[in-house]
Amino acid sequence: MAAQQAADAVKDGVQAVADGVQSLTTGDNSANAPEAGKLLDEVTGEYISKTELKKRQKQREKEKIKAEKEATRKPPPPPKRKAGGEQEDESQLNPNQYFEIRSRAIKRMKETQSPNPYPHKFHVNYDLGNLEKEYGHLKKGDLVRDKQISIGCRIYNIRTAGENLRFYEVAVDGAETQIMATNLENTSSVSFGDQHDHLRRGDIIGVVGFPGKTSPKREDNPGELSIFAQEVKLLAPCLHQIPSEHYGFKDQEERYRNRHLDLIMNKSTVETFKARAKITRYIRNYFDNNGFYELETPMLLKSAGGATARPFWTEHNELKMTLALRIATELPLKQLVVGGIHKVYELGRQFRNEGIDLTHNPEFSTCEYYEAFADVYDVMNRTEDLVEGLVKYVCGSLETTFTTQTGETYNVNWAKPWKRVEMIPALEEACGEKFPPGDQMHTQETNDFLKRMLEKTGVECTPPMTNARMLDKLVGEFIEEKCINPTFITGHPQMMSPLAKYHRSNPGLCERFEAFVCKKEIVNAYTELNDPFDQRLRFEEQARQKAQGDDEAQVLDEGFLTALEYGLPPTGGWGMGIDRMVMFLTNNYSIKEVLTFPFMKDEVQQPRKVTAAEEVGVEPAPVQEVGHH
């Protein structure tokens, strides 16, 4: 027993020494000592005061609650994109990339109908062209909320200012305005973002809103007349990038081949075709108001006559017939006069298989009219009357400006009376020699004389060198070049004019005039030849010229000669080149500018472009075959 007690004492002494060493190495053991008033912190194993323990427990409870909240909280949303950022990103794409992305986006809209990108109808109740006239007086910040405007238009530019504000620069029929769309004014059941986020430049949209003037913060900014949108609806998306406003769409070749894009991007092109429509409308109204009837004549003929030109030929498969596209409407219109329609005209297309240049296109428009009991002098008066009124109607003035390809500017006065120039006396003055008399103009002696005149004056004439062609070259060099203001060239030899009546006082000449402006012909007119015997001789002379190699000479038309045998009353008439009139009145030196779709040479073969349907995998719907009707 004593031994055991001694062993325990030794053990306690060893423990005490160990505790002393521990105290020396840790520096303080007060926290672990179970002193009076101290409580054990079970987390750390320390003995601490009651106050400190409560403090720690409260802190731990707070941290526990915070951790539970963190565990149950939803992840933060992705950072918001800047409004308009997607459009800015798309502007960096090349055209093929943009087309692919846009096509797929529209396909998704078609599938979800959210929205339907190709709706059937949108009600329009306002002409945007009247906006400035009716509301241009508004002051800064003025709004006309009681006037609801509904327009369809194309987007040309988009500006964003935050999530709830869009500005659209739009246009329709040449009229332009700004659309201001704010979430505050939105009255549609569709959210603001869903209405606007999918819109791009080039899209056609429908807008419902009211007119007003914006109220910018800057005092010196008067505000901009706008339509404040209450609802915006996509009507037809544009799948392609349209050219930027900075660079525009100016390449002539591309403009002519892509006239739709030319019209979208270039307001001047729209104005040219509007002027063309006004010109044809005025001409039709003039003749209608003067008792003329507009009738249509065939475009497909067994032989093409009525003008000196080379025709296009085609085949009728069923009848196994070779047919020509018409080069003029003169002969059938005269047959109508024979039949008793004494005032007749036709405004339509002609086709000539000839070269293409700044003033010629294989397919072009003319107006021809014929009036019984009139002669070339009546036709002159009617020409001056019609054209003077036409210029005043289209241009607002009788003085116009025309600029040539080389930059030369002509100031044209269209007021009547027009200057008259006799052909042969003017050529005699220019060449310094007396010309053969009119009744000798068809002879071989005259042919030799004209060749000598060409050599003397340095004027070139390509074969065949017929009397008519050589004389025409001299006229072009010495008379036409001086015709800036409207001028009548008269006194043509009969051999140049197979359909004109002989001159009543000058043998060998005929009663004919050509009207020239800015050195170009706009009208060709006659006292019409109504003698079937004389007409047959003229046609035979044309056949002789054709035999010499002039494939533009007219052919003998037996049907027309037979009609003349029933009696054509004394008649005057002319043909006018509509395209050239449009060129002069819109100041365009190229005929391609005034034709909606000018004839173009084949493009160099490019790799075939992928269509929108192919891009997104759309299959064509089956269509039941419909028979010919």
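The protein chain has the name Probable lysine--tRNA ligase, cytoplasmic in an unreviewed UniProt entry, where Hortaea werneckii is given as its organism. On record in UniProt, under Subcellular location (unreviewed entry), the comment for the protein chain is "Cytoplasm". UniProt annotates the protein chain under Sequence similarities (unreviewed entry) with the comment "Belongs to the class-II aminoacyl-tRNA synthetase family."

J.: So what exactly am I meant to see when it comes to a positive patch on the surface here?
T.: A cluster of like positive charges, contributed by K50, K54, K58 and K62, occupies part of the molecular surface. Following the sequence through the fold, K58 ends up in helix α2 (residues 50-72). The exposed category is assigned to K58, whose relative accessible area is 61%.

J.: Help me understand the nonpolar core in this model?
T.: Soluble globular proteins: nonpolar side chains tend toward being buried together. In this structure, I283, F287, W414, F513, W574 and M576 are the most contacted members of the largest nonpolar core, which totals 43 residues. Per element, the largest residue contribution to this core is eight residues, and it comes from helix α11 (residues 376-395). Both of domain 2 (266-373) and domain 3 (397-521) provide at least three residues apiece to this core. Of all hydrophobic cores here, the second largest spans 29 residues; its members include L128, L199, V207 and L234.

J.: Help me understand helix α17 (residues 578-586) in this model?
T.: The α-helix advances 3.6 residues per turn, and as a result positions three or four apart in sequence lie on the same side. With respect to burial, α17 is a largely interior element, nine of its nine residues being buried. Of the residues flanking the end of α17, it is N587, one or two places downstream, whose phi is positive at about 60 degrees.

J.: Explain the pattern of salt bridges to me, please; I cannot follow it from the model alone.
T.: Proximity of charged atoms lets side chains of opposite charge pair with each other. Evaluated as defined, the whole model comprises 30 salt bridges. One salt bridge in this structure joins K519 and E481, with 3.1 Å as the shortest N-O distance. Here E481 lies in the loop between α14 (467-478) and β17 (487-490) and K519 lies in the loop between β18 (512-517) and β19 (520-527), a separation of 38 residues in the sequence. Judged by relative accessible area, which is 41%, E481 ranks as partly exposed.

J.: It is not clear to me how empty space enclosed by the protein should be interpreted in this structure. Could you clarify?
T.: Once rolled over the atoms, a probe with the size of a water molecule shows which space is left empty. What the rule picks out here adds up to one cavity of 30 Å³ or more. Computed from the structure, the largest cavity encloses a volume of approximately 30 Å³. Surrounding the largest cavity, A181, T182, N186, F192, Q195, H196, A229, Q230, E231 and V232 form its lining. For the lining of the largest cavity, the elements supplying multiple residues, two or more each, are β5 (175-182), α6 (192-196) and β7 (225-236). Sort the elements by how many residues they give to the lining of the largest cavity and β7 lands first, with four residues. A class-by-class count of the residues in the lining of the largest cavity yields four nonpolar, five polar and one charged.

How each quantity is defined
Residues numbered from 1 in each chain as written. Predicted model: local features only at pLDDT ≥ 70, side-chain atom pairs only at ≥ 80, totals over all residues. Heavy atoms only, no water. UniProt positions renumbered as here; feature names shortened; annotations may be inferred. Patch = residues over 30% accessible without salt bridge, like charges linked within 9 Å, V, L, I, M, F, W, Y side chains within 5 Å. Areas by Shrake-Rupley, 256 points an atom, 1.4 Å probe, with all protein chains shown as cover. Salt bridge = Lys/Arg side-chain N within 4 Å of Asp/Glu carboxyl O. Lys, Arg positive; Asp, Glu negative; His and termini not counted. Charge placed at Lys NZ, Arg CZ, Asp CG, Glu CD. Helix = DSSP H or I, 4+ residues; strand = E, 2+ residues; numbered from the N terminus. Buried < 20%, exposed > 50% of the residue type's maximum accessible area, 1.4 Å probe, protein only. Core = buried A, V, L, I, M, F, W, Y, C linked by side-chain atoms within 4.5 Å. Domains from an automatic or database assignment. 1 Å grid on protein atoms, 1.4 Å probe; cavity = no way out; pocket = protein on both sides within 12 Å on 5 of 7 lines; lining within 4 Å. Points joined across faces, edges and corners; volume = space filled by probe spheres on them. Nonpolar A, V, L, I, M, F, W, Y, C, P; charged D, E, K, R; others polar.

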